[in-house]
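Spelled out, the chains give:
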Amino acid sequence: MALLVPEIMLNDGTSIPQLGLGTYRLDDDIAYRVASEALELGYRHIDTATIYKNERGIGKAIRESGIPRDDLYITTKLWNGDQPHARDAISSSLDRLGLEHVDLYLIHWPAPERGTYVQAWHSLHELRDAGLTTSIGVSNFLTEHLDVLAGVADTVPVLNQVELHPLLQQKELRGEHVARGIATESWGPLGHGSVDLAVEAPILGIIAAAHDKSVAQVVLRWHVQEGLIVFPKTSHKERLIENLSIFDFELSDTEMDGIRGLDRDHRVGTHPLDGNWD
Ligand SMILES: NC(=O)c1ccc[n+]([C@@H]2O[C@H](COP(=O)([O-])OP(=O)(O)OC[C@H]3O[C@@H](n4cnc5c(N)ncnc54)[C@H](OP(=O)(O)O)[C@@H]3O)[C@@H](O)[C@H]2O)c1
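Its UniProt record gives the protein a comment under Sequence similarities (unreviewed entry), which states: "Belongs to the aldo/keto reductase family."

Below, the structure is given as structure tokens:
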């Protein structure tokens, strides 16, 4: 099944499975169970973060899976308060995960009020050069933050992980990404558990019925056909299967356009300028 998931090429010559598992709001025990089930089902890409406090559970699932390390793609993220000491932060994450390196390390938020994301970006280069992470990128960065990074370093983030779903399609930012060679990851691809896309956008139900698929599958398929990287979170095994089963149908141009027309600039999560927490 894992073989069916396409790979997206990144600007540093590596590639990332386009579909993975999100793990926000899963504690260690549940993350262990869900990640174990996901790996068994064929997922090979897992997205976690220091702040999710589930790296231990995910690491245990990875170890027990017996899957060769090279077949897995593991992302974790540098928390805001750790921006001045990224080396210690990634070492602690790797200890909890039981890994020698992650595939991708992201600055979780620009946290502009803290004034330390540029320092963190320089540190991420050192972590990559030391082999602690293969690729480096950012999350929740606006164009103005990408501009700052472009002014201080030659390396372009491989990707930017931002809130993105049919009600918030980030078209302008995605245009900037394309121009700079940055891939886009969609967090909250199904609405972050905060908005019911089927209720907000009845067209999704009509498209789903036409393909004998669920609304979630149609939305995830839309992300994939848009060239986005997605990692929906679920704590239910049947939904792990459902979310992976999106590579056996295709949305037509008309259906894609219909979903593109749902964009309302409707953010359900925190605005990037406001994510300054410790
Ligand atoms: N960089 C950042 O700042 C940031 C912020 C937020 C999230 N993320 C990452 O992005 C991942 C995904 O985003 P998210 O967790 O916020 O939201 P999401 O994946 O859009 O939505 C998760 C919600 O959808 C439900 N769900 C999952 N599959 C479903 C299905 N097939 N049918 C119906 N409902 C379904 C889940 O419920 P059940 O669990 O009950 O199935 C949960 O309530 C996170 O887990 C995390 O890894 C990153």
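Peer 1: Just give me the short version of the packing of aromatic side chains, but keep the residues and values in it.
Peer 2: Each aromatic ring pair is characterised by the separation of its centres together with the angle its planes make. Enumeration according to the criterion identifies 4 aromatic pairs in this entry. When the ring of Tyr 24 is compared with that of Tyr 52, the centres are 5.3 Å apart and the planes differ by 55°; the resulting orientation is tilted. Here Tyr 24, found in the loop between strand 3 (21-22) and helix 1 (28-41), pairs with Tyr 52, found in the loop between strand 4 (45-47) and helix 2 (55-65); they are 28 residues apart in sequence, far enough to count as distant. A relative accessible area of 37% means that Tyr 24 is categorised as partly exposed. The class of Tyr 52 is buried, set by a relative accessible area of 15%. Ring centres of Trp 79 and Trp 277 lie 5.9 Å apart, and the angle between their planes is 10°; this geometry places the pair in the stacked category. One end of the pair, Trp 79, is in the loop between strand 5 (73-78) and helix 3 (86-97); the other, Trp 277, is in the segment after helix 11 (253-260), with 198 residues separating them in the sequence.

Peer 1: Which residues make up the side chain of Gln 18, and what values go with them?
Peer 2: Structurally, Gln 18 is set in the loop between strand 2 (15-17) and strand 3. A relative accessible area of 4% means that Gln 18 is categorised as buried. Reaching out from Gln 18, the side chain makes a polar contact with the backbone oxygen of Val 224 at a distance of 3.0 Å. In contact with Gln 18, other than residues within four places in its own chain, are Val 5, Pro 6, Glu 7, Ile 8, His 223, Val 224, Gly 227, Leu 228, Ile 229 and Val 230.

Peer 1: I'd like a rundown of the sheet that holds strand 10 (residues 229-230), residues and numbers included.
Peer 2: Taken in spatial order, the 8 strands line up as 3-4-5-6-7-8-9-10 in an open sheet, and their pairing is parallel. Lying at the two open borders of the sheet, with one neighbouring strand each, are strand 3 and strand 10. Pairing between strand 3 and strand 4: 2 bridges, direction parallel. The residue bridging Gly 22 from the neighbouring strand is Asp 47, located in strand 4.

Peer 1: So, the layout of surface pockets: which residues are in play, and what are the values?
Peer 2: Taken as a whole, the largest pocket spans an internal volume of roughly 950 Å³. Forming the boundary of the largest pocket are 41 residues, of which Tyr 24, Gly 188, His 192, Gly 193 and Lys 233 lie nearest the centre. Those elements that provide at least two residues to the lining of the largest pocket are helix 7 (197-200), helix 9 (215-225) and helix 10 (237-244). Here the lining of the largest pocket is built from residues that sort into 18 nonpolar, 16 polar and 7 charged.

Cut-offs and rules
- Residue indices follow the written sequence of each chain, beginning from 1 at its first position.
- Residues qualify for local features only when their pLDDT is at least 70, as the model is predicted, and side-chain atom pairs are given and counted only at 80 or more; totals for whole chains, interfaces and linings, by contrast, use all residues.
- The side-chain numbers reported here are obtained from all heavy atoms of the structure, hydrogens and water having been left aside.
- UniProt positions are given in the numbering used here, feature names are shortened, and annotations may be inferred rather than shown by experiment.
- Under the pairing criterion, centres of Phe, Tyr and Trp rings, with the six-membered ring standing for Trp, must be within 6.5 Å; the plane angle then separates stacked pairs below 30 degrees from edge-to-face pairs above 60, leaving the rest tilted.
- Secondary structure follows DSSP: runs of H or I at least 4 residues long count as helices, runs of E at least 2 residues long count as strands, and numbering of each begins at the N terminus.
- Only protein chains enter the accessibility calculation, which uses a 1.4 Å probe; a residue is then buried when its area is under 20% of its type maximum, exposed when over 50%, and partly exposed in between.
- Residues adjacent in sequence count toward polar contacts only when both atoms are side-chain atoms; beyond that, a polar contact is any pair of N or O atoms within 3.5 Å, and within protein one must be able to donate a hydrogen and the other to accept it.
- Contact criterion: two residues are considered in contact whenever any of their non-hydrogen atoms come within 4.5 Å of each other.
- Any two strands with at least two DSSP bridges between them are considered paired.
- The distinction between a cavity and a pocket rests on a 1 Å grid over the protein atoms alone: a 1.4 Å probe fits inside a cavity but cannot get out, while a pocket stays open yet meets protein on both sides within 12 Å along at least five of seven lines, and a residue with an atom within 4 Å of a point counts as lining.
- Grid points are joined across faces, edges and corners, and a volume is the space filled by probe spheres set on the points.
- In this classification, the charged set is Asp, Glu, Lys and Arg, the nonpolar set is Ala, Val, Leu, Ile, Met, Phe, Trp, Tyr, Cys and Pro, and all remaining amino acids, among them Gly, are polar.

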